[in-house]
Amino acid sequence: MDFTLPEELLIFRDTLRKFVEKELEPISEQVEEEDHIPDRIVEKMKDLGLFGLAIPSEHGGYGMSVLGQCVAMEELSRTNACFRTRIGTNNGIGSMGIVIAGTEEQKRKYLPRLASGAMTGAFALTEPNAGSDASAIRTTAVRKGDKYILNGTKHFITNGDIAGLSTVMALTDRPKGTKGISAFLVEEGFPGFSVGKIERKMGFRGSHTCELLFDDCEVPAENLLGREGEGFRIAMQVLDKGRLMMGACALGAIERLIELSTTFAKTRVTFGEPIINRQAIQWMLVNMAIDAYAVRNAVYHAAWKLDRGERVTKEAAMVKVLATETACRAADSAVQIHGGMGYMKGMAVERFYRDLRLLRIYEGTSEILRMIVAREMSR
Ligand code: COS
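Because the structure is a prediction, the values reported are computed rather than measured.

Asker: Help me get a handle on the packing of aromatic side chains, residues and values and all.
Answerer: Note on aromatic pairs: each is described by the distance of the centres and the angle between the planes. Tallying each qualifying case throughout the model produces four aromatic pairs. When the ring of Phe 12 is compared with that of Tyr 62, the centres are 6.1 Å apart and the planes differ by 55 degrees; the resulting orientation is tilted. Of this pair, Phe 12 sits in helix H1 (residues 7-24) while Tyr 62 sits in the loop between helix H3 (39-47) and helix H4 (66-76), placing them 50 residues apart in sequence. For Phe 12, a relative accessible area of 11% translates into the label buried. With relative accessibility at 46%, the residue Tyr 62 sits in the partly exposed group.

Listed below in structure tokens is the structure:
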């Protein structure tokens, strides 16, 4: 078994590490305050090709392996989470549906723009009454001639306010349950589509979470993704990969928390000695390191399986639970090690503590993911 990462991936990882340290980290607090990523930074992300890592090369992306995408997300997660969220939606839930189920025409029309970052993607499944129970959606799509007419409300949609294209799940045949859900590619300018409320959140500032409104929204019939009734399965496949990526994001955050906490513990002196000499602090740091080791192996292994074309529903769910619950524990320890300083605004550990809490909820709560693992185990 060879655990060596390919040379070109190591070079890419190094490039990303420098980009994060030089361009993103210095403005992470500014973004936190202003709740906005400066355009010049988005342009630099485009120049590096970050929006198209996962998109096949024949459609303008890098066509990177899943393992490579995990390494990229891990690096980008060492700073404010909004940066990797901006990039992650185009590479993940905002484009994967098209990669998996799009027609050649849909791929040619949308993927190059998503890959270049000219267009931002979003994934619209969740509704006020349908979060964990995704099949309870109420948004409807009725075929009228060469169009579908969509009516309903989506909420908690990441990047909804800047998305040029949203993959929207809607009911085309309610009595059929999950088989009555279809997926649609909705452009921002389609008649009857608008952005509603933008949420105020505990964290993730710089990344907007929005309501999307469909009021007799007209979607050309050629923008149906896959066939009628395939929307739920497409959404679940998209989420399988999204959950694995979330594990990689949590991993990058844990690694950064270890570094921040170790540096602090070496310089903070109590009773005449740096606190890193205290066993109580050492054990917290060691536990974080043990957790990071386990999470890294789990993330990379699941990525390897997906790269081999295997279904990873169970592994992705396990990885997300392991990585995100571990990351929250690591953030708690990091704040504890920093003491009062760790509770202060402007400290990275304070921001990580708030931001990481969301990872145990979105793209599948820990509870739903455990349910998925249980179902897979009992097959
Ligand atoms: N890959 C491919 N197909 C899948 C799948 C997957 N990962 N998961 C489910 N399916 C298929 C099933 O095989 C089933 O098809 P068949 O009847 O042909 O076998 C169909 O989809 C319905 O699946 P299921 O019966 O499991 O649906 P349920 O309504 O019972 O629940 C869960 C499915 C709980 C898994 C789903 O609702 C879920 O993931 N919820 C969480 C949603 C979420 O993560 N939301 C976060 C916001 S989105 S960013």
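Asker: Describe the site of the ligand, with residues and values.
Answerer: Near the ligand lie 23 residues; those nearest to it are Ser 132, Lys 179, Asp 240, Arg 243 and Arg 375. Between the ligand and the protein, one listed contact pairs an oxygen atom with a side-chain N or O atom of Arg 243 at 2.8 Å. Here Gly 364 contributes a backbone N or O atom positioned 3.0 Å from an oxygen atom of the ligand. Look at the ligand: alone it shows 990 Å² of surface, and the protein chains cover 72% of it. Elements with a minimum of two residues in the shell around the ligand: helix H8 (231-267) and helix H12 (366-377). In terms of residue count, H8 provides more of the shell around the ligand than any other element does, seven residues in total. Its residues assigned to classes, the shell around the ligand shows eight nonpolar, eight polar and seven charged. The residue makeup of the shell around the ligand includes at least three contributed by each of domain 2 (121-229) and domain 3 (233-377).

Asker: An account of the domain arrangement of the chain is needed here, citing residue identities and associated values.
Answerer: If you check the domain split of the chain, you get domain 1 (7-116), domain 2 (121-229) and domain 3 (233-377). Computed from C-alpha coordinates alone, the two centres of domain 1 and domain 3 are separated by 20 Å. Across the interface of domain 1 and domain 3, roughly 2300 Å² is buried in total on both sides, 58% from carbon and sulfur atoms. It is Val 66, Glu 74 and Arg 78 that lose the most area in domain 1 upon contact with domain 3, and together they represent 27% of the buried surface on that side. The interface formed by domain 1 and domain 3 includes three salt bridges. A salt bridge links Arg 78 to Glu 259, with the shortest nitrogen-to-oxygen separation between them at 2.8 Å. Inspection of the region where domain 1 meets domain 3 yields nine residue pairs in polar contact (both at pLDDT 80 or more). Every element with two or more residues in the side of domain 1 that touches domain 3 is listed here: helix H2 (28-34), H4, helix H5 (81-91) and helix H6 (96-101). A breakdown of the residues in the side of domain 1 that touches domain 3 according to their chemical character gives 11 nonpolar, eight polar and six charged.

Asker: I'd love a proper account of the pattern of salt bridges, names of residues and values included.
Answerer: Evaluation of the coordinates by the stated rule reveals 26 salt bridges. The partner of Arg 351 in a salt bridge is Glu 29, and the shortest N-O contact between them spans 3.1 Å. Separated by 322 residues along the polypeptide, Arg 351 in helix H11 (residues 348-359) and Glu 29 in helix H2 bring together distant segments of the chain. Taking relative accessible area as the criterion, Glu 29 reaches 25% and is therefore assigned partly exposed. Between Glu 187 and Lys 109 there is a salt bridge, and its shortest N-O distance comes to 3.7 Å. In this pair, Glu 187 is assigned in strand S5 (residues 181-187) and Lys 109 in helix H7 (residues 104-116), connecting sequence segments 78 residues apart. On the basis of relative accessible area, Lys 109 is assigned to the partly exposed category, the value being 38%. Salt bridges here are not isolated pairs; linked through shared partners, they connect Glu 32, Lys 345, Glu 350 and Arg 354.

Asker: Go over H11 with me, naming the residues and quoting the values.
Answerer: For H11, which comprises 12 residues, the first-to-last C-alpha distance of 17 Å matches the rise-based estimate of 16 Å (1.5 Å per residue) to within 8%. In terms of residue burial, H11 counts as a mostly covered element, since nine of its 12 residues are buried. Its buried side turned inward, H11 meets H2, H5, H8 and helix H10 (313-338).

Scoring rules and cut-offs
Residues numbered from 1 in each chain as written. Predicted model: local features only at pLDDT ≥ 70, side-chain atom pairs only at ≥ 80, totals over all residues. Heavy atoms only, no water. Phe/Tyr/Trp six-rings, centres within 6.5 Å; stacked < 30°, edge-to-face > 60°. Helix = DSSP H or I, 4+ residues; strand = E, 2+ residues; numbered from the N terminus. Buried < 20%, exposed > 50% of the residue type's maximum accessible area, 1.4 Å probe, protein only. Near = heavy atom within 4 Å. Polar contact = N/O pair within 3.5 Å; in protein donor to acceptor, adjacent residues only side chain to side chain. Areas by Shrake-Rupley, 256 points an atom, 1.4 Å probe, with all protein chains shown as cover. Nonpolar A, V, L, I, M, F, W, Y, C, P; charged D, E, K, R; others polar. Domains from an automatic or database assignment. Buried area = accessible area lost by both parts, 1.4 Å probe. Salt bridge = Lys/Arg side-chain N within 4 Å of Asp/Glu carboxyl O. Expected span 1.5 Å × (residues − 1). Contact = heavy atoms within 4.5 Å.

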